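Secondary and tertiary structure notes
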Amino acid sequence: MKALIVDDSKVMRTMIQKGLRQAEYVCEVVEAGDGIEALAKLDASIDVVLLDWKMPNMDGIEFIQKTRKSGNNVPIMMITTEGAEDRVAEAMKEGANGYIIKPFTAEKIKEKLKDILKG
Amino acid sequence: MLDRALMIDTVKKTTNNLFIKMLSMELIAGEPITEKNALPLTAHVTAVIGFAGYYRGGMGIYLPRALALKMVAAMLGVPVDQVTIDKMPADVKDAIGEIVNIIAGGAKAELSKQGITFDLSLPTVIVGEKFQVYVDNNPERVQAVIPFTAGEDQLFVECNIEKTNK
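Residues numbered from 1 in each chain as written. Chains lettered and ligands numbered in written order. Predicted model: local features only at pLDDT ≥ 70, side-chain atom pairs only at ≥ 80, totals over all residues. Heavy atoms only, no water.

**Quick word on the pairing of strand β4 (residues 76-80) of chain A**
Residues and elements named next belong to chain A. Inclusion rule: Buried means the residue's accessible area, taken with a 1.4 Å probe over protein chains only, is under 20% of the maximum for its type, while exposed means over 50%, and partly exposed covers the values in between. Helix and strand assignments come from DSSP, with helices taken as H or I runs of at least 4 residues and strands as E runs of at least 2, each series counted from the N terminus. Being paired, for any two strands, means DSSP has found at least two bridges between them. Seen with its strands pointing away from the viewer, a crossover is right-handed when the path leading from the first strand over the helix to the second is clockwise.
Across the 5 residues that make up β4, a large majority, 5, are buried. What you see with β4 is no split at all: Ile76, Met78 and Thr80 on one side and Met77 and Ile79 on the other are buried throughout. Sheet topology places strand β3 (residues 48-51) next to β4; 3 bridges connect them, and they run parallel. Bridging from a neighbouring strand, Leu51 pairs with Met78 of β4. Taken together, β3, helix α3 (residues 60-69) and β4 constitute a β-α-β crossover, and its handedness is right-handed. The pairing of β4 with strand β5 (residues 98-101) spans 4 bridges and is classified as parallel.

**Examining the sheet that holds β4 of chain A**
All names here are of chain A. Definition in use: Inter-axis angles, ranging from 0 to 180 degrees, are taken between N-to-C directions of lines fitted to C-alpha atoms, where helices are fitted over the stretch in contact. Whether two residues touch is decided by their heavy atoms; if any such pair falls within 4.5 Å, the residues are in contact.
The 5 strands are arranged β2-β1-β3-β4-β5 in an open sheet whose pairing can be described as parallel. The sheet is open, and its two borders are formed by β2 (28-32) and β5, each paired with just one other strand. In this sheet, neighbouring strand axes are inclined to one another by 20 degrees on average, regardless of whether the strands run parallel or antiparallel. Packed onto the sheet, helix α4 (residues 85-94) meets β4 and β5 and runs at close to 150 degrees relative to β5. Docked against the sheet, helix α5 (residues 106-118) engages β3, β4 and β5, running at close to 170 degrees with respect to β5.

**Re the side chain of Asp52 of chain A**
For Asp52 of chain A, the position within the fold is in the loop between β3 and α3. Residues contacting Asp52 of chain A, with those up to four places away along its chain left out, are Val6, Asp7, Asp8, Gly60, Met78, Ile79, Thr80 and Lys102 of chain A.

**Observations concerning the interface of chain A and chain B**
Basically, it comes down to this: Buried area: the sum, over both parts, of the accessible surface (1.4 Å probe) that disappears when the two are put together. Only one rule defines a salt bridge in this text: a Lys or Arg side-chain nitrogen within 4 Å of an Asp or Glu carboxyl oxygen. Think of a polar contact as two N or O atoms within 3.5 Å of one another; within protein, one of them needs to be a possible hydrogen donor and the other a possible acceptor, and neighboring residues in sequence only count if both atoms come from side chains. When residue character is reported, Ala, Val, Leu, Ile, Met, Phe, Trp, Tyr, Cys and Pro are called nonpolar, Asp, Glu, Lys and Arg charged, and the others, Gly included, polar.
On the side of chain B, 19 residues touch chain A, which itself brings 16 residues to the contact. Buried area between chain A and chain B, summed over both chains or domains, comes out near 1600 Å², and the portion from carbon and sulfur atoms is 58%. Counting the surface chain A buries against chain B, the share from its top three residues, Val11, Thr81 and Pro103 of chain A, is 35%. Viewed at the interface, chain B and chain A are joined by 3 salt bridges. Across the pair Asp91 of chain B and Lys10 of chain A runs a salt bridge, and its minimum N-O distance is 3.0 Å. The interface formed by chain A and chain B contains 8 residue pairs in polar contact (both at pLDDT 80 or more). Broken down by class, the residue content of the side of chain A that touches chain B amounts to 6 nonpolar, 5 polar and 5 charged.

**Points about the pattern of salt bridges**
Scanning the model with the defined rule gives 19 salt bridges over all chains in all. Its salt-bridge partner being Glu62 of chain A, residue Lys66 of chain A comes within 3.7 Å of it at the nearest N-O pair. Of this pair, Lys66 of chain A and Glu62 of chain A both sit in helix α3, 4 residues apart, roughly one helical turn. Residue classification places Lys66 of chain A among the partly exposed residues on the basis of a relative accessible area of 39%. Bridged by salt links that share partners, the residues Glu82, Arg87 and Glu90 of chain A together with Lys108 and Asp119 of chain B form one connected network.

Shown next, in the form of structure tokens:
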């Protein structure tokens, strides 16, 4: 599996990568610090996107909108501090496939990824 | 409706949640400080974040050096003796800033269920010692400093919120 991890925090990208390993997902990881960089790195080889919401230059929601508008249906998992119900609903409406609220555990990543990858 | 007990409970809950889930550390909360006072906190790494919107205020987390280094090491997945503030200031700033962002984000989500809504600023991280945090008795504002114990280390989380005219 090849995962694109998008978060403006380098430490958080490292933690998500560690979570993927602990969740027993053997994967190649590509990293991006914002939505613009993520769009540039999103190609057909990416199996799943793990996406923060609040980032400089282009946030997670705009990344989803542009990705879906281009016809790309890659599974997208939000991993964000935005935990209010209306924010979760907004992300899912725009085209996110799953949602994890920080702080997260490796078990939560495993459970949620299993859901969206089987879908 | 906003009251001090709700804010304190929320901050305790979201702080504990982060330390358990992401750092595998157990915290013990102490008695919150709510009276007007100037608190000489023993902290070396501090991260603050602002609230703005229908409610405004902010949150700060005050960490002793040893605990800050343990937290950064846990987040990066490296031994604590490989982490130094002087040699990796960007990682320390990034990690501790993310900590306050996650705690405040959890509080924001919890309080929004009670109609207390605000947006978060970007976090600011400060390295330095010997400063004071003031708790005032502004009747419009609820404020508290909550001490926590993590093993042999003590940290503080300060939070203040008040309604705006929006």
